[in-house]
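Residue-level listing of the chains:
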Amino acid sequence: MRYLFLVAGNDWNGSARAFTEAARELGVNGTFACVVVQPDTNVERIVSARAVVRGSKDAFHVAPIGLSGLPFFVARRLQREIVSDGIDVVFVNSARMHYVAAIACRMAGRGVVIRRFPPSVFERKRMFGGIRSKFASRLVATSYVFSTTKDAQVSYIPRVVRHTAVVPLGVTVSDNYHSTAAGEGSRAGAGTRASAPGYDVSNSGNRLKYIVCKSDDSSRSRASIAIRALAMLVDRHSYLRLIIVGESKYDEDLRMQAAALRVLNLVSFVGNREDELEVMKRASVGWVVSERDTGGFSALDFMSVGVPVLAEQQSVAVNYILTSITGVLFPDKDPNSVAAIMAEMLSDPAKMETMGEAGHTRAKREFNLQKMVKGFEQIAEQTVKARY
């Protein structure tokens, strides 16, 4: 089986990461995988870097192809890649790319399409894709992949869709992790990591405690709550620092808010980083402020390194966090309530340590990368068989 993952867009996000990690895992295991990206973008740079496997050839092929413009002309460009690489399965993550991939496979005379939907919080049923998606599903054999069971249950699935599957997000989980939930580097080896630039770690092995948020363009209101909660806690908890990882178009607004609340010196915006997991490892609390795949990966990354997670109850994190076991889900967006919950968490280091360990165990058992890739392979095999 030969796989192609279609990553649309110019900015790196959780959906791009899901396909890139899957392609890398497949490639390392000897299966051909290709990732199509928009040329001359941040996504191309990051995907190309992650294709490199130390001491051997690249794990997967990176194909820069122009993905903007009229669908037919994009499909013509994609068709050439499908034919030249002998692609059997094309994975997409949007209605437009589903339509483009279906036309390309039809013109190439080979290939099936798997459309993946990121995790979300649904309040009502809704249709996916509309007329274009239905038409695309008739052009070539198509299956749907959902990230959570609830998403699959409440979604409208056209009759022409061949198969559906639930494939949760997955991350690499190592047994060699260091929980800093107690704020003192409680595990052996904690405090020995190299200082990451962009925020103050001069006392990180001493008494400072870091609240780390992974941000994107969906996280403005939640990141705002984090800053306001910090402002309420800092008088009695002067050791607290807030680190916002990732970039969004609202970063300048958040900086202005932090300055207005007189906590700008306690908030660090470190942007997109290759070593963001190292920043997360230093957290006493991981606060999920983003949504969809980025939010899902944020929760799982914190859990994978043994950090207890804090998140809103009406967020994507509800799919991953067991409240009071691997973290805390707060029902109210009121900063006063959130600050009280935060203070309670920080006052019990032993409980935070236990939650971090439980999160690590849950991520390793239920949300590991190998399980996600195996799910992709199974739905791909079913769809290819259904074509004939």
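Everything discussed here concerns the structure shown above.
Residues numbered from 1 in each chain as written. Predicted model: local features only at pLDDT ≥ 70, side-chain atom pairs only at ≥ 80, totals over all residues. Heavy atoms only, no water.

*Asks:* Please clarify how the pairing of strand β1 (residues 3–6) should be interpreted in this entry.
*Replies:* Note on strand geometry: in a regular strand, side chains alternate between the two faces of the sheet. A two-sided burial pattern is seen for β1, the buried positions comprising Tyr3 and Phe5 on one face and Leu4 and Leu6 on the other. As judged from the three bridges shared by β1 and strand β4 (residues 89–92), these two strands associate in the parallel manner. Note on β4: the bridge partner recorded for Tyr3 is Val89. Relative to strand β2 (residues 33–37), β1 is paired through four bridges, and the arrangement is parallel. What sits directly across from Phe5, in β2, is Val35. Handedness of the crossover is the feature at issue here: the chain leaves β1, passes through helix α1 (residues 14–28), returns alongside β2, and the resulting connection is right-handed. (Buried < 20%, exposed > 50% of the residue type's maximum accessible area, 1.4 Å probe, protein only. Helix = DSSP H or I, 4+ residues; strand = E, 2+ residues; numbered from the N terminus. Pairing = 2+ DSSP bridges. Right-handed = clockwise from strand over helix to strand, strands pointing away.)

*Asks:* When you look at the packing of aromatic side chains in this model, what are you seeing that I'm missing?
*Replies:* Taken as a whole and judged by the stated rule, the model has 13 aromatic pairs. Ring plane angle 10° and centroid distance 6.3 Å describe the contact between Tyr3 and Phe5, whose orientation is recorded as stacked. In this structure Tyr3 comes out as buried when scored by relative accessible area, which is 2%. Each member of the aromatic cluster is reached from another via a ring pair, and the members are Tyr3, Phe5, Phe19, Phe91 and Phe376. (Phe/Tyr/Trp six-rings, centres within 6.5 Å; stacked < 30°, edge-to-face > 60°.)

*Asks:* What is the right way to look at the nonpolar core in this model?
*Replies:* Generally speaking, soluble globular proteins have nonpolar side chains that are buried together. Core analysis: the biggest nonpolar cluster contains 35 residues, and Phe5, Val35, Val47, Phe60, Val89, Phe91 and Phe376 have the highest contact counts within it. Within the residue set of this core, elements represented by two or more residues are β1, α1, β2, α2 (42–51), β4, β5 (112–117) and α13 (369–387). Ranked by residues supplied to this core, first place goes to α13 with seven residues. Excluding residues that lie within four positions of it along the chain, Phe60 makes contacts with Thr20, Ala23, Arg24, Ala33, Val35, Val47, Arg50 and Ala51. Ala226, Ala229, Leu254 and Val267 belong to the second-largest nonpolar core, a separate cluster that totals 33 residues. (Core = buried A, V, L, I, M, F, W, Y, C linked by side-chain atoms within 4.5 Å. Contact = heavy atoms within 4.5 Å.)

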